[in-house]
Each structure stands twice: as C-alpha cells, then as structure tokens.
Amino acid sequence: VQLVESGGGLVQPGGSLRLSCAASLFTFSRYDMSWYRQAPGKERELVASITSAGGSTDYADSVKGRFTISRDNSKNTVYLQMNSLKPEDTAVYYCNARFNWFNYWGQGTQVTVSS
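Described in the following lines is the structure provided in the data block. Bear in mind that the values here come from a model prediction, so they are computed numbers and not experimental data.

## A look at the overall build of the protein
What the protein contains, in helices and strands, is zero helices and 11 strands. What you see in the protein, going N to C, is helices and strands ordered as β-β-β-β-β-β-β-β-β-β-β. Its C-alpha atoms put the protein at 40 × 25 × 20 Å along the principal axes. Looking at the protein as a whole, 42% of its 115 residues qualify as buried.

## Here we look at the pattern of salt bridges
Under the counting rule described, the total for this entry stands at four salt bridges. Residue Arg37 is joined to Glu45 by a salt bridge in which the shortest nitrogen-to-oxygen separation is 2.7 Å. Asp61 serves as the salt-bridge partner of Lys64, at 3.2 Å between the closest nitrogen and oxygen. With relative accessibility at 68%, the residue Asp61 sits in the exposed group. One salt-bridge network, in which partners are shared between bridges, spans Arg37, Glu45, Arg66 and Asp89.

## Structural notes on the sheet that holds strand β3 (residues 17–23)
Read from one edge to the other, the open sheet built from four strands follows the order β1-β3-β8-β7, with strand pairing classed as antiparallel. The sheet is open, and its two edges are formed by β1 (3–6) and β7 (67–72), each paired on a single side. Across this sheet, the average inter-strand angle for adjacent strands is 15°, counted without regard to direction. With six bridges joining them, β7 and strand β8 (residues 77–82) adopt antiparallel strand pairing. Counterpart to Arg71 in the pairing with β8 is Val78.

## Observations concerning the packing of aromatic side chains
Inspection of the entire model under this criterion finds five aromatic pairs. Between the aromatic rings of Trp101 and Phe102, the centroid separation amounts to 5.3 Å while the plane-to-plane angle is 40°, which identifies the pairing as tilted. You can call Trp101 exposed: its relative accessible area is 70%. By relative accessible area, which is 31% here, Phe102 ends up partly exposed. Among the aromatic residues, those joined into a ring-pair cluster are Tyr31, Phe99, Trp101, Phe102 and Tyr104. Sitting over the ring of Trp105, Arg44 keeps its end group 4.7 Å from the ring centre.

## So, the side chain of Ser20
Inspection of the secondary structure puts Ser20 in strand β3. Exposure remark for Ser20: the relative accessible area of 18% places this residue in the buried category. Sequence-distant contacts of Ser20, that is, excluding residues within four places in its chain, are made with Val4, Glu5, Ser6, Trp35, Thr77, Val78 and Tyr79.

## Regarding the pairing of β3
Burial within β3 is extensive, with five of its seven residues counted as buried. With four bridges joining them, β1 and β3 adopt antiparallel strand pairing. Counted as the bridge partner of Val4 is Ala22 from β3. Across six bridges, β3 lies against β8 in antiparallel orientation. Looking across to β8, one finds that Cys21 is bridged to Val78.

Basis of the calculations
- Residues numbered from 1 in each chain as written.
- Predicted model: local features only at pLDDT ≥ 70, side-chain atom pairs only at ≥ 80, totals over all residues.
- Heavy atoms only, no water.
- Helix = DSSP H or I, 4+ residues; strand = E, 2+ residues; numbered from the N terminus.
- Buried < 20%, exposed > 50% of the residue type's maximum accessible area, 1.4 Å probe, protein only.
- Salt bridge = Lys/Arg side-chain N within 4 Å of Asp/Glu carboxyl O.
- Pairing = 2+ DSSP bridges.
- Axes fitted to C-alpha atoms, helices over the stretch in contact; angles between N-to-C directions.
- Phe/Tyr/Trp six-rings, centres within 6.5 Å; stacked < 30°, edge-to-face > 60°.
- Lys NZ or Arg CZ within 6 Å of the ring centre and 35° of its normal.
- Contact = heavy atoms within 4.5 Å.

Below you can see the structure in the form of structure tokens.
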C-alpha cells in the first residue's frame with residue numbers, strides 16, 4: 001500500500017496550493033481520508049478529513065474557510081485545496097487512510113509559506 005503526496009512547495013502569504021494524495025488501495029472508496037500536518041517542534045495535527053463516500057468533511061478551526069478537502073474515488077485520490085495561506089501553515093503535510101484497523105500514512109510533502 002502506498003500513499004504518495006504531491007503539490008507542496010514554497011508560496012507567498014495569501015497564495016494557494018493544491019495538494020494531492022494518490023493511493024494504491026484496491027478498496028480506496030472504503031477508506032476515510034485525512035490530511036495532517038506537522039510543523040517543526042510541534043505535534044502532528046489533523047487538518048481536514050473526509051468520509052469514504054465524501055459525504056462529510058471536517059476541518060481544524062485554524063483552516064476553516066480557507067482549506068477544502070475533496071476526493072475522487074475513480075482516481076483513488078484525495079485533494080487539499082489551500083487558499084489564503086499564512087506563514088503558520090508552514091509544515092510537512094501528510095495523507096492518511098483509515099478503514100477499520102487499517103491505517104496508512106504517506107511520506108509527507110513540505111509546504112512553506114514565506115515572503
């Protein structure tokens with residue numbers, strides 16, 4: 001099983017990025033998917049999550065109204081659209097897939113928000 005994140009990079013404050021996570025999961029549509037992030041010296045935190053069918057989403061208070069999580073089950077991919085980025089959004093962003101006792105992580109992609 002592989003989760004491969006992409007789309008990270010350096011962006012100025014106020015800018016946007018779209019992260020993607022491609023999953024090599026035969027039953028991707030059964031998995032709840034989430035994005036986490038970890039800044040230097042801080043614990044990993046949940047940013048956004050989406051249920052298996054995409055019917056329900058949840059966000060950390062710090063990103064509500066700026067980030068949007070979505071998924072395309074036909075492409076085994078989950079996305080995180082990040083708008084109005086702030087320096088405090090700088091972190092390594094990780095993709096997570098969870099179904100029953102199965103729990104998988106990607107390798108992470110760096111997002112740096114700086115002028």
